[in-house]
Amino acid sequence: NAGVTQTPKFQVLKTGQSMTLQCAQDMNHNSMYWYRQDPGMGLRLIYYSASEGTTDKGEVPNGYNVSRLNKREFSLRLESAAPSQTSVYFCASKKGPSSYEQYFGPGTRLTVT
Amino acid sequence: DQQVKQNSPSLSVQEGRISILNCDYTNSMFDYFLWYKKYPAEGPTFLISISSIKDKNEDGRFTVFLNKSAKHLSLHIVPSQPGDSAVYFCAASHNAGNMLTFGGGTRLMVKP
């Protein structure tokens, strides 16, 4: 089992460009999450999908959109990248409503110039 | 307004001694707490957790203590090993576990 995988590992964008970060999990988990990590800020939740077919905003959703493509895949889209979106992005998943532990992918380091 | 705070950005400990990492929270609705460990260029990995109905949970060298009245939890690592050197995040859960709120992290350095 690969667990949670993310692509790409690194990306550099110019201001105004768009891109989609991909995430997939092979643990048959129901819930999936997107976080960003900035120095000294910990991880902040952008969006989550409690189950296939649902998505909800987290703490910092502005400038992002998400798609829960199927049970395995949850993508994060930046429509018009801004330098403030320079960060490390982590995808995570958990089994379902009765569980608390989230399992994280290796991250995508994004730089917006 | 940070609801979960780790006030020590870094901690240095000698190998074999105890490491104590602290975390404070403000939201009394949090019902479950977790500690994650993160190595550079990797994602966080789950370490240990505790429900709000308990005050202690132990797993090998790792023990988490919860003081609800003080809204404070701590992670004890005994004995500390050089491989424990990493960034440690505490996280708190509400909304039936659907959302985790993370602290800013503490970088632990264990010196041989």
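Up top is the structure.
Residues numbered from 1 in each chain as written. Chains lettered and ligands numbered in written order. Predicted model: local features only at pLDDT ≥ 70, side-chain atom pairs only at ≥ 80, totals over all residues. Heavy atoms only, no water.

Quick word on the state of the cysteines
All told, the structure shown has two disulfides over all chains when counted by the stated rule. Through a disulfide, Cys23(A) is tied to Cys91(A); the S-S separation comes to 1.8 Å. A torsion of -70° about the S-S bond marks the disulfide between Cys23(A) and Cys91(A) as left-handed. Taken together, the residues span a long stretch of sequence, with Cys23(A) in strand β3 (residues 19-25) and Cys91(A) in strand β9 (residues 87-94) at a distance of 68 residues. Take Cys23(A): its relative accessible area is 3%, and that puts it in the buried class. Its relative accessible area of 0% is what places Cys91(A) among the buried residues. There is a disulfide in this structure between Cys23(B) and Cys90(B), and the S-S distance comes to 1.9 Å. Note on the Cys23(B) and Cys90(B) pair: the S-S dihedral is about 60°, so by sign convention the disulfide is right-handed. With Cys23(B) in strand β3 (residues 19-25) and Cys90(B) in strand β9 (residues 86-94), this residue pair connects regions lying 67 residues apart in the sequence. The buried category is assigned to Cys23(B), whose relative accessible area is 1%. (Disulfide = S-S within 2.5 Å. Helix = DSSP H or I, 4+ residues; strand = E, 2+ residues; numbered from the N terminus. Buried < 20%, exposed > 50% of the residue type's maximum accessible area, 1.4 Å probe, protein only.)

Thoughts on the nonpolar core
Residues and elements named next belong to chain B. Formed by 23 residues in total, the largest nonpolar core has its most connected members in Phe33, Trp35, Leu73, Leu75 and Tyr88. Of all the elements in the fold, those that place two or more residues in this core are β3, β4 (32-38), β5 (45-51), β7 (62-67), β8 (72-77), β9 and β11 (106-111). For this core, the element with the highest residue contribution is β9, accounting for four residues. (Core = buried A, V, L, I, M, F, W, Y, C linked by side-chain atoms within 4.5 Å.)

Let's talk about the interface of chain B and chain A
In this assembly, 22 residues from chain B lie in contact with 22 residues from chain A. Overall, the association of chain B and chain A removes approximately 1700 Å² of surface from exposure, summing both partners, and the carbon and sulfur fraction of that is 59%. The largest per-residue losses of area from chain B upon contact with chain A belong to Pro44(B), Asn98(B) and Phe102(B), which jointly make up 29% of the total buried on that side. For the interface between chain B and chain A, the tally reads zero salt bridges. Taken together, chain B and chain A are joined by one residue pair in polar contact (both at pLDDT 80 or more). For the side of chain B that touches chain A, the secondary-structure elements that each account for two or more residues are β4, β9 and β10 (99-102) of chain B. (Contact = heavy atoms within 4.5 Å. Buried area = accessible area lost by both parts, 1.4 Å probe. Salt bridge = Lys/Arg side-chain N within 4 Å of Asp/Glu carboxyl O. Polar contact = N/O pair within 3.5 Å; in protein donor to acceptor, adjacent residues only side chain to side chain.)

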